[in-house]
Amino acid sequence: MSTIQTDQHAPITGFEVEDGVLCVAGQRVDQLLQSAGSPAYLYDTSLIKKRITGLRAVLPEGIHLHYAIKANPHPEIVAATAPLVDGLDIASANELQVALGAGGDPEHISFAGPGKREQELAAAAHAGIIVNVESVREIHYLSQLQTQQPPRVAIRVNPPFQLKTSGMKMGGGPQQFGIDSEQVPGLLRQLASLQLEFVGFHIFSGSQNLRAEAICEAQQLAVQLAIDLARHAPAPVQLLNIGGGFGIPYFPGEQPLELASIAANLEQLRDRARAVLPQARLTLELGRYLVGEAGVYVCTVLDRKESRGQVYLVTDGGLHHHLAASGNFGQVIRKNYPVVIANRIGATETETASVVGPLCTPLDLLADRMQLASAGPGDLVAVFQSGAYGYTASPRGFLSHPEPAELVL
Ligand SMILES: *Cc1c(COP(=O)(O)O)cnc(C)c1O
């Protein structure tokens, strides 16, 4: 295995290089693109496995790990991941089909999202999965369904706190997710008279965080909130989902998340939860942390242009395939993802160049003035950290160019 160093980014590990050509799962990307077509997302499932094994080795015993499949819902990715985790979190009826198709155990599938259709709620109840209810309407709709077993519900709580310095804040103050924590005690008291099985709480407060202290603090607050709310619950808490928020390093200067203090904190929280809520499975739900580093997006240079002294490599891929790498998926300030010329790794001849796509908008930018190997038509551009929120988080219909391929290796 080689370590690939790019412009000021954390080193990229897990990929080999053969004759200057990047390999994914041991196969050269030039050959992979010859068969798959260009552009393509290439995923190495052995890296997902390695990530999960490594995480489990650090986490204390008794912490349950779920995969939030919206990060990458490719059926083969979900099928490779499902046996390695304790449950799957879904966000739509289509994701439910993917989760069940991947062999996910309905007992440990949960369904979150602020706008669930009646058919989706019914499908979830009939499949016997847990619905993380986010409104009074959802509770009442579920309680009136005719199902063999009462629908299983966890209350998604909008906590009074948020995950600090999070890439995306999802908690604290008003928001569309979950039920405000101050309304939860009253609702819990009503649940006893409804045809529902209360299973626990879901408290998700943010995403893409690289600060271990912030994650620990949010986890402490989530466990405390659940303990306080559980006093009003009609049944013992079986599921205590405290969210995730584990980030991966995307941008210059970022470092991988330090797990040791998170593990130590979780050990204390596990003991606390065991004492007060002895039936509760303390659960983390992670998306990008499990799959984000296992994927690479590769496109081909179509043209090389110089405009008033600046080099542009114009590719067949861009924002329409990989919105996040263009900086338009929730980022406040655009920063470069780790990008390399995939068939000239380690080249001594380099230059400052921008990598753009074929769309008629200046937003279609994959690399802004990065130091890259000198390149031209036919060369390949690889964008790392592309295993999560890539293919399905991009406006692939915009300008009607061909869709990228996806290869699960
Ligand atoms: C998006 C989401 C996740 C996954 O977030 P990552 O940043 O990919 O780990 C987990 N839980 C909920 C409720 C989500 O909405």
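This is a predicted model, so every value here is computed, not measured.

Caption draft 1: A look at the overall build of the protein. Within the protein, the secondary structure is distributed over 10 helices and 24 strands. The globule rule puts the C-alpha radius of gyration for 409 residues at 22 Å, and the 22 Å found for the protein is close to it. Considered along the principal axes of its C-alpha atoms, the protein spans approximately 70 × 40 × 35 Å. Contacts in the protein between residues far apart in sequence, at least 24 positions, make up 69% of those at least 6 positions apart. Positive and negative side-chain charges of the protein, numbering 29 and 39 respectively, have mean locations separated by a distance of 5 Å.

Caption draft 2: Highlighting the site of the ligand. Surrounding the ligand, one finds Ala68, Lys70, His202, Phe204, Ser207, Gln208, Glu285, Leu286, Gly287, Arg288 and Tyr389. Note that an oxygen atom of the ligand is positioned 2.6 Å from one of the side-chain N or O atoms of Tyr389. For the shell around the ligand, the per-class residue count stands at 4 nonpolar, 4 polar and 3 charged.

Caption draft 3: View of the packing of helix α4 (residues 93–101) against helix α5 (residues 118–127). Their axes nearest at 9 Å, the elements α4 and α5 cross at an angle of 25°. Considering the angle they form, α4 stands roughly parallel to α5. In this structure, α4 contributes Ala93, Leu96 and Leu100 to the contact, and α5 contributes Glu120, Ala123, Ala124 and Ala127. Classifying every residue of the contact of α4 with α5 by side-chain character gives 6 nonpolar, no polar and 1 charged.

Caption draft 4: Summary view of the packing of α5 against helix α6 (residues 136–143). Running from N to C, α5 and α6 cross one another at 55°; their axes reach a closest spacing of 10 Å. Judged on the interaxial angle alone, α6 and α5 are oblique. Along this stretch, α5 crosses α6, giving a crossing that reads as right-handed. Taking contact as the criterion, the partners of Glu118, Leu121, Ala122 and Ala125 in α5 are, on α6, Arg137, Glu138, Tyr141 and Leu142. For the contact of α5 with α6, the residue count by class is 5 nonpolar, no polar and 3 charged.

Calculation notes
- Residues numbered from 1 in each chain as written.
- Predicted model: local features only at pLDDT ≥ 70, side-chain atom pairs only at ≥ 80, totals over all residues.
- Heavy atoms only, no water.
- Helix = DSSP H or I, 4+ residues; strand = E, 2+ residues; numbered from the N terminus.
- Rg over C-alpha atoms; globule rule 2.2 N^0.38 Å.
- Contact = heavy atoms within 4.5 Å.
- Lys, Arg positive; Asp, Glu negative; His and termini not counted.
- Charge placed at Lys NZ, Arg CZ, Asp CG, Glu CD.
- Near = heavy atom within 4 Å.
- Polar contact = N/O pair within 3.5 Å; in protein donor to acceptor, adjacent residues only side chain to side chain.
- Nonpolar A, V, L, I, M, F, W, Y, C, P; charged D, E, K, R; others polar.
- Axes fitted to C-alpha atoms, helices over the stretch in contact; angles between N-to-C directions.
- Parallel < 35°, antiparallel > 145°, perpendicular 65-115°, else oblique.
- Left-handed = near helix turned anticlockwise from the far one by under 90°.

By themselves, these are just geometric observations and shouldn't be taken as functional.
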